[in-house]
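A structural walkthrough
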Amino acid sequence: MTKPEAFNVLRSEDSGELVVVADFAATGRQAANFHDLVKLLDTGHTIWETAPVPWGQEAGMTGRDQAERWLDGIRGSGLKVRALLGFCGGGIYAGVMADRIAEWQDRPRLVLFDPGFAERHMLTEHVEGFYRRLAKAFTEEQLADGRRRVAEAAAATGALELADRLGELFRDELRPAIVRAGWSERAAEDGADLVNGYLHWLAGAIDLDPRPAWRSADVLNSATAGIGLHIIPEPQRSALFGSARFFDVPHGDLLRTAEVAEAADRLLARSAQPCADAQK
C-alpha cells in the first residue's frame, strides 16, 4: 500500500482493518500524543494519524473540507475502519468522520480522550499566550498594540475569518519577535506555519457538530480540572456520551499512561455497538 497523503502512518499491519487517530499532529508539544499511545497499544491493526492540511493551503478550508480530505484517503485505502480515536478537539473530527464512514461500512467504534467542543475564544487565547511568552521581545507599546489587534481580530464574523486574521497577525508581529528572542529565521517561519495551521484546524472544528456520533462514544478522561468531562455537568454526560472512565493522571500524561492504553486496547478488541441515536 502506498503511503497515504493525508495521514501519518503510526503502525502497519496485515489485518485488513484500520484505526484512525485524530489530533492536530504537531511536534514539540509537551502533552503526550498518539505516537506515545501507539507505542503502548497491543492492537494488531494498521493505525493512521490525521495529518494537517499542507502549510499554506488552509485558507478557506472548512472543518467539513478537512474531514473530507481524510475520508477520501480512508475510502481509497480499501481498509475497513475498526475504530476512530480522538484527542481533545480531534474528537470532533473523529465523531464527524465516524458518521460519514458509517454510510459505507459498519459503524466503527469511537473512543475519545479528554473530549471537548471547540470555541472561538480558544483561537484568541492561543495567540495571546505567545504574546505573554514573548513579552521580553516587545516594548510596552508593542504589547498594547498586539492586544488591540487581537481584540480587533475577535470581531471577525466567522471562525475561519478569525483564523485568517490571527494567522496574519502572528506572521506580522509574533514571527519577528521569535527572531528577536534568539530563534533562527527558519524556526520563526516554521512556527508561523504551525500556528496558522492549528488556528485553521481549530476554527474548522467550531462549525462541526459531533454530538450524534458522540452518543455511542467511549470516553477516557484525565483528572485535570477544566478538561474534557470535568466541565460537563454529570447529568449531561450520559446523554452526550456512551460511556466514561476517569483516570488519576494529568491531561498531559493521558496518552502515555499504560493503564489508559490497556483500556483503549480492550475497546479496540470489541466491535462498535449499534446506537440508534448515533445513526440519525
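Digging into the side chain of Arg 100
Residue position: Arg 100 is located in helix 3 (residues 90-101). In contact with Arg 100, other than residues within four places in its own chain, are Arg 64, Glu 68, Leu 71 and Arg 75.

Describing the pattern of salt bridges
Under the counting rule described, the total for this entry stands at 20 salt bridges. Lys 80 is the partner of Asp 106 in a salt bridge, and the nearest nitrogen-oxygen pair spans 3.7 Å. Of the two residues, Asp 106 is situated in the loop between helix 3 and strand 5 (109-113) and Lys 80 in strand 4 (residues 80-87); the sequence distance between them amounts to 26 residues. A relative accessible area of 54% places Asp 106 in the exposed class. Looking at Lys 80, the relative accessible area reads 38%, which means it is partly exposed. Where Arg 148 meets Glu 152, a salt bridge forms, and the shortest distance between an N and an O atom there is 2.7 Å. With Arg 148 and Glu 152 both in helix 5 (residues 140-153) and 4 residues apart, this pair spans about one turn of that helix. You can call Arg 148 partly exposed: its relative accessible area is 40%.

Reading guide: rules and limits
- Counting of residues starts from 1 at the beginning of each chain's written sequence and follows it residue by residue.
- Local features in this predicted model are restricted to residues whose pLDDT is 70 or higher, and side-chain atom pairs enter the listing and the counts only when it is 80 or higher, whereas totals over whole chains, interfaces and linings include all residues.
- Derived side-chain values reflect all non-hydrogen atoms in the structure, with water molecules and hydrogen atoms excluded from consideration.
- Where helices and strands are cited, they refer to DSSP runs of H or I of at least four residues and of E of at least two residues respectively, numbered from the N terminus.
- By the convention used here, residues are in contact when the closest approach between their heavy atoms is within 4.5 Å.
- Salt bridge, as used here: a side-chain nitrogen of Lys or Arg that lies within 4 Å of a carboxyl oxygen of Asp or Glu.
- Summary of the burial criterion: residues with accessible area below 20% of their type's maximum are buried, those above 50% are exposed, and those between are partly exposed, where the area comes from a 1.4 Å probe applied to protein chains only.

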